[in-house]
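# Overview (structure and organization)
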Amino acid sequence: MTSAAARTGHANEDFAGAVPTAAVLIDGAGISGAESICRHGVAWYASRLGGSLLGLLSLVRDRSLSELLARAIKQVTDDHRDTCDVADPISPSATVAILRLSDGLVEHLVLGDSVLVLDRADGTPLVVSDPREVVISRSYRSALEAAAEDGDEYHRILRDLRGNRNQPGGFWVAKDDPRAADEAITGSCLISELTGAVLLSNGASRIVDRFRLAEWPEVMAVLASSGPAEVIHRVRQAEARHAVAADDATIAHCTDLGET
């Protein structure tokens, strides 16, 4: 696993962790002003949610990934319900990717715009993603690009965009409502069909979906030969070339799945 904050002195709002049979990646989200809503902050929410998930994945083997995510969301929400306005639209939230090995199967879950890629032994990688936020965000893109970043108008537009969160017809993330877990993209395949898998925050997946520096087979090859840090290095170079604001970038690369 490799994780890099967007910039020096900036709290990394991603989380990645693993137990012997599972890996979890959390990409926290928040906007300026959230400090007045939640005193803990986005990084706290992401790490707390990730830690809760890892504990549940270790101890509770007979529940679906969606059920475990719902339980983890409830746990974290209860942890700060009495001190923070957890229901406010700008309170901390996160996207989620989970991989679990169970009885010869690889189970996966994606909620929000994190990405999970399954490297298949006899074909092109299977990319598991949740496109709903990306689709909705397109209608806001031109207005966001025209507004001064971190200005009042920029944050007003972001608030409008995030008003679509956890709403029918909108997009779904982990926040304060455990029912969002029911909206996750889930699936499974035989462990024997895979040579590996990778979980990426959207700050890392932009190597493919934003900058078009490579397709997923090449990314998997780079991971195998040079590791996650090289992928993030290439993303940082592209951000600099295109004058794009850096984002927290995190990758969890899982190999030798059949040996677990």
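Look up a bit, the structure's there.
Small disclaimer: the values here were computed from a predicted structure and weren't measured. (Residues numbered from 1 in each chain as written. Predicted model: local features only at pLDDT ≥ 70, side-chain atom pairs only at ≥ 80, totals over all residues. Heavy atoms only, no water.)

The α-helix advances 3.6 residues per turn, and as a result positions three or four apart in sequence lie on the same side. The sharpest bend along helix H3 (residues 132–146) measures roughly 50° and falls at Tyr140. Those residues of H3 that fall on the buried side of the exposure criterion are Glu133, Ile136, Ser137, Tyr140 and Leu144. (Bend = angle between axes of the 7 residues up to and from the residue. Helix = DSSP H or I, 4+ residues; strand = E, 2+ residues; numbered from the N terminus. Buried < 20%, exposed > 50% of the residue type's maximum accessible area, 1.4 Å probe, protein only.)

Okay, the pattern of salt bridges next. If you walk through the whole model with that rule in mind, you get 14 salt bridges. Across the pair Asp78 and Arg81 runs a salt bridge, and its minimum N-O distance is 3.1 Å. We classify Asp78 as partly exposed; its relative accessible area is 34%. Ionic pairing is found between Glu153 and Arg156, a salt bridge with its closest N-O pair at 2.8 Å. (Salt bridge = Lys/Arg side-chain N within 4 Å of Asp/Glu carboxyl O.)

Let us now look at the layout of surface pockets. As a volume, the second largest pocket reaches approximately 180 Å³. Considering the residues around the second largest pocket, the lining is formed by 15 residues, among which Ala18, Val19, Ala22, Ala23 and Cys254 are closest to the centre. Broken down by secondary-structure element, the contributors of at least two residues to the lining of the second largest pocket are strand E2 (14–19), strand E3 (22–29), strand E4 (93–102) and strand E10 (249–255). Class assignment of the residues belonging to the lining of the second largest pocket gives a composition of 11 nonpolar, 4 polar and no charged. (1 Å grid on protein atoms, 1.4 Å probe; cavity = no way out; pocket = protein on both sides within 12 Å on 5 of 7 lines; lining within 4 Å. Points joined across faces, edges and corners; volume = space filled by probe spheres on them. Nonpolar A, V, L, I, M, F, W, Y, C, P; charged D, E, K, R; others polar.)

All chains considered together, the criterion is met by 0 disulfides. Cys38 supplies the cysteine sulfur nearest to Cys84, a cysteine that is in no disulfide, at a spacing of 3.7 Å. The buried category is assigned to Cys84, whose relative accessible area is 8%. Here Cys254 is not cross-linked by a disulfide; its sulfur's nearest cysteine counterpart is in Cys189, at 12 Å. Judged by relative accessible area, which is 13%, Cys254 ranks as buried. (Disulfide = S-S within 2.5 Å.)

A separate point is helix H2 (residues 65–80). If you check H2, its first and last C-alpha atoms are 23 Å apart, about what 16 residues at 1.5 Å a residue would give, namely 22 Å. Within H2, the full set of buried residues consists of Leu65, Ser66, Leu68, Leu69, Ala70, Ala72, Ile73, Val76, Thr77 and His80. Buried residues along H2 sit against helix H1 (42–59), E4, strand E5 (105–111) and strand E8 (185–190). (Expected span 1.5 Å × (residues − 1). Contact = heavy atoms within 4.5 Å.)

Okay, the sheet that holds strand E6 (residues 115–120) next. The strand order across the open sheet formed by 5 strands is E1-E10-E9-E6-E7, and the pairing between neighbours is antiparallel. Edge positions in the open sheet fall to strand E1 (2–4) and strand E7 (126–129), since each of these has one partner strand only. In this sheet, adjacent strand axes meet at a mean angle of 10° when their direction is disregarded. Pairing geometry for strand E9 (residues 194–200) and E10, over 5 bridges, is antiparallel. (Pairing = 2+ DSSP bridges. Axes fitted to C-alpha atoms, helices over the stretch in contact; angles between N-to-C directions.)

Looking now at the sheet that holds E2. Picture the strands of a sheet paired through backbone hydrogen bonds; they go either parallel or antiparallel. Pairing is antiparallel across the open sheet formed by 5 strands, whose spatial order is E2-E3-E4-E5-E8. Among the strands making up the open sheet, the edge pair consists of E2 and E8. Mean inter-strand twist for the sheet, computed between neighbouring axes without regard to direction, equals 10°. Where E2 meets E3, 6 bridges bridge the pair, whose relative direction is antiparallel. Residue pairing in the sheet places Val19 in a bridge with Ala22 of E3. Its contacts with the sheet put H2 on E4, E5 and E8, and the angle it makes with E5 is roughly 45°.

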